[in-house]
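For reference, the chains in residue letters:
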Amino acid sequence: MKKSRIILILLLTFNIYSYAQQKPFMDYVLSWDGHSSKLEVELTYSAAQKDSTVFIFGDPNFGGQTDIFKVVKNIRSNAPEEVKIDEANRRITIYHKGAKKHRLTYEIDGSLPVDKPTTASQTELFRPVITKGILTLVNQLFALDIIDGSNPLVSFSWRSYPENFSYFNSVQPSQTDPSEKISDYYNELSELVYFVMGDNIEVKEYSVMGIAHYCVTTKEDKYGNDLQENLSPFFESYFPSIHRFWNDNDFPFYFLVITALQNNQKELGGGGFGIKNGFVMKLGRKFGTREKYVTAHETAHSWTGVKIMLGEDSFDHQWFGEGFNDYTTIINLAKSKIYNEEEFLHYLNEETLKPHYTSKIKAVHNDSIAANYWTDYTNYGVLPYRRGLIYAFYLDNQIRLASNGKFTLRNMLLDLYALRKAKKNDDILSVDDFINAGATYLDKKELAEQIEHHMIEGQPIDFNKVKLIAEFNIDINNNIPKVNLTEGADLSKIYQW
């Protein structure tokens, strides 16, 4: 009997060990010498299917980079496995042929064309940048998507790297040794991973309301920027302001990465994208008012458009995800005094109201935006920003007036956020949820009509018929509304929380 128990224990132990060994994984090992434009990638992975594994490389929706497949080169597997590449569909198929262990090696070419430097810089944000002294890399530009439906543990480590370079990763920012492995599950990493490495990189850590915040920048650039100095007000006042706006400190950490463009021969603006718990920007000129806005807008997406979104997809109701985010951006810039009154009114009037009311397509239906977003961003891409901001400004004023100043749009948004947190993860927030949240403060039927008429059908708000709070007045010339502050009005008192 004793012998049988020992055998049973051994079998159970073996089964537990076997099960542990069978858990899906994708283990990336990276190498870079600090000088070349080549990143060497070695991927060891488990195979859910016995006969083959299919990977997808690149994502045309990420910055519209339809030719991103061209940066991955020299894709090889170990015998007896064979590789088949379908460039048109960006598919890499590995036929295992009985192999028990699976490893794939390839190179990522981060070089930028020298014949069209400025054009290349305009897409530099959405391409791997690997050049002498600096590497900036997002996982969509070097890692592979696995299509077997598994949720593997994905890990990254560096085998070869310049030891004197600064290093930052967005998975575990406190981990500063590239040789040490960082890991997370596939569905968590799907929201992007960012790596920065270089001899001109500075990483500074702040504590914002008890949360670790990281500021990652290039130290020097051709425009004379001191980016750490430029960004310190965000960590000292803007981030505390927007955390308080949403009553939310539920972040393990936050980071902001702003690095200078590497390949431009004329000045270009700044562009960026959000990553889970952070924001990345590439900058091609002096850090100024526009760059303050972009930084604030994109970091504000941590809430509007990410934690709180209407519909199944960000394109469904961008008037909320982008436009309402724009409004929370500029009022928090004003609250934190990064924007003065002139800058606040300039964005509201010259960047929003005027171009919207003079736009030839201002009244197109909401459904047309997604179809034309990438091909005609200048006209269609900006529509949801402007429509949503204008409606948010209008709605904020109406809630203040209806409640005699007791409530603001912030109260409605906090109610909507509370509803989002009360829902299951796979339940979406709908326009009806938005209307119901607003019905606490305004007439429900009127709210529904406003959204249908102004946000969906696209008809501009007629400010000739709109009353604003006493601190604002509005002039209308040639059907273009212009908002002014009345004498004695103070933005810091209008927007306080």
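Residues numbered from 1 in each chain as written. Predicted model: local features only at pLDDT ≥ 70, side-chain atom pairs only at ≥ 80, totals over all residues. Heavy atoms only, no water.

## Re the sheet that holds strand β7 (residues 102-109)
For clarity, the cut-off: A pair of strands is treated as paired once DSSP finds two or more bridges between them. Helix and strand labels come from DSSP, where a helix needs a run of H or I of at least four residues and a strand needs a run of E of at least two; each type is numbered from the N terminus. Each axis is a line fitted through C-alpha atoms, and for a helix only the stretch in contact is used; angles between axes span 0 to 180 degrees, taken between their N-to-C directions.
Spatially, the six strands line up as an open sheet ordered β4-β7-β2-β1-β11-β13, and their pairing is mixed. Every other strand in the sheet has two partners, leaving β4 (72-77) and β13 (182-185) as the edge strands with one partner each. Direction aside, the axes of adjacent strands within the sheet are offset by 20° on average. As judged from the four bridges shared by β4 and β7, these two strands associate in the antiparallel manner. The residue of β7 that forms the bridge with R76 is T105.

## Remarks on the side chain of D326
Stated precisely, the cut-off is as follows: Throughout, exposure labels follow a simple rule: accessible area from a 1.4 Å probe, protein chains only, divided by the maximum for the residue type, with under 20% read as buried, over 50% as exposed, and the rest as partly exposed. Charge assignment in this entry is limited to Lys and Arg as positive and Asp and Glu as negative, and neither His nor the chain termini are counted. When a carboxyl oxygen of Asp or Glu is within 4 Å of a side-chain nitrogen of Lys or Arg, the pair counts as a salt bridge. Identification of polar contacts relies on pairs of N or O atoms within 3.5 Å, with a donor-acceptor requirement for protein atoms, meaning one able to donate a hydrogen and the other able to accept it, and with residues adjacent in sequence counted only if both atoms are side-chain atoms.
Considering the arrangement of structural elements, one finds D326 in helix α6 (residues 318-335). Despite being buried, D326 has no salt bridge partner; R290 is the closest side chain of opposite charge, sitting 7.2 Å away. Within the structure, D326 has its side chain in polar contact with the side chain of Y293 (distance 2.6 Å). Of the polar contacts made by the side chain of D326, one reaches the side chain of H297; its length is 2.8 Å.

## Concerning a negative patch on the surface
To keep things clear, this is the line we draw: The patches reported here contain residues having more than 30% relative accessible area and no salt bridge. Joining distances are 9 Å for like charges and 5 Å for nonpolar side chains (Val, Leu, Ile, Met, Phe, Trp, Tyr). Only the protein chains shown count as cover for residues, with accessible areas throughout obtained via the Shrake-Rupley method and a probe of 1.4 Å. Where a charge lies is defined by one atom per residue type: Lys uses NZ, Arg uses CZ, Asp uses CG and Glu uses CD.
On the surface, E202, D226, E229 and E236 cluster together into a patch of negative charge. Along the polypeptide, E229 turns up in helix α4 (residues 227-246).

## What to know about the side chain of N484
Condition: Whether two residues are in contact is decided by their heavy atoms: any pair within 4.5 Å suffices.
The topology assignment puts N484 in strand β21 (residues 480-485). Looking at N484, the relative accessible area reads 19%, which means it is buried. Here the side chain of N484 touches D475 through a polar contact of 3.0 Å, side chain to side chain. Not counting residues up to four positions away in its chain, the partners in contact with N484 are E471, F472, N473 and D475.

## Here's the deal with the pattern of salt bridges
All told, the structure shown has 14 salt bridges when counted by the stated rule. In this structure, K38 engages D109 in a salt bridge whose closest nitrogen and oxygen atoms are separated by 3.9 Å. Of this pair, K38 sits in strand β2 (residues 38-45) while D109 sits in strand β7; the two residues are 71 residues apart in sequence, bridging distant segments of the chain. Of the residues examined, K38 reaches a relative accessible area of 31% and is grouped as partly exposed. Residue class for D109 comes out buried when judged on its relative accessible area of 10%. For E42, the salt bridge is made with R103, and the minimal N-O distance between the two is 3.9 Å.

## Comments concerning the packing of helix α5 (residues 289-300) against α6
Note the following rule: An angle below 35 degrees is read as roughly parallel, one above 145 as roughly antiparallel, one from 65 to 115 as roughly perpendicular, and any other as oblique. A clockwise turn of the near helix away from the far one marks a right-handed crossing, whereas an anticlockwise turn of less than a right angle marks a left-handed crossing. Note on residue classes: Ala, Val, Leu, Ile, Met, Phe, Trp, Tyr, Cys and Pro are nonpolar, Asp, Glu, Lys and Arg are charged, and everything else, Gly too, is polar.
Running from amino to carboxyl end, α5 crosses α6 at an angle of 120°, the nearest separation of the two axes being 9 Å. Overall, the two elements α5 and α6 adopt an arrangement that is oblique. The element α5 and its partner α6 pack so that their crossing is right-handed. Mapping the contact onto sequence places K292, Y293, A296, H297 and A300 in α5 and E322, N325, D326, T328, T329 and L333 in α6. For the contact of α5 with α6, the class distribution of residues is four nonpolar, four polar and three charged.

## Remarks on the environment of V364
Structurally, V364 can be placed in the loop between α7 (341-357) and α8 (367-372). In this structure V364 touches Y380, L383, R387, E457 and G458, once residues within four positions along its chain are discounted.

## Observations regarding helix α11 (residues 409-422)
Threshold: To estimate how far a helix should reach, multiply one less than its number of residues by 1.5 Å.
An ideal rise of 1.5 Å per residue puts 20 Å on 14 residues; α11 measures up with 20 Å between its terminal C-alpha atoms. Inspection of α11 places L409, R410, M412, L413, L414, L416, Y417 and R420 among the buried residues, and these make up the whole buried set. On its buried face, α11 is in contact with α4, α6, α10 (383-402) and α12 (431-438). A side-chain oxygen of the first residue of α11 lies 3.1 Å from the backbone nitrogen of R410; this N-cap is T408.

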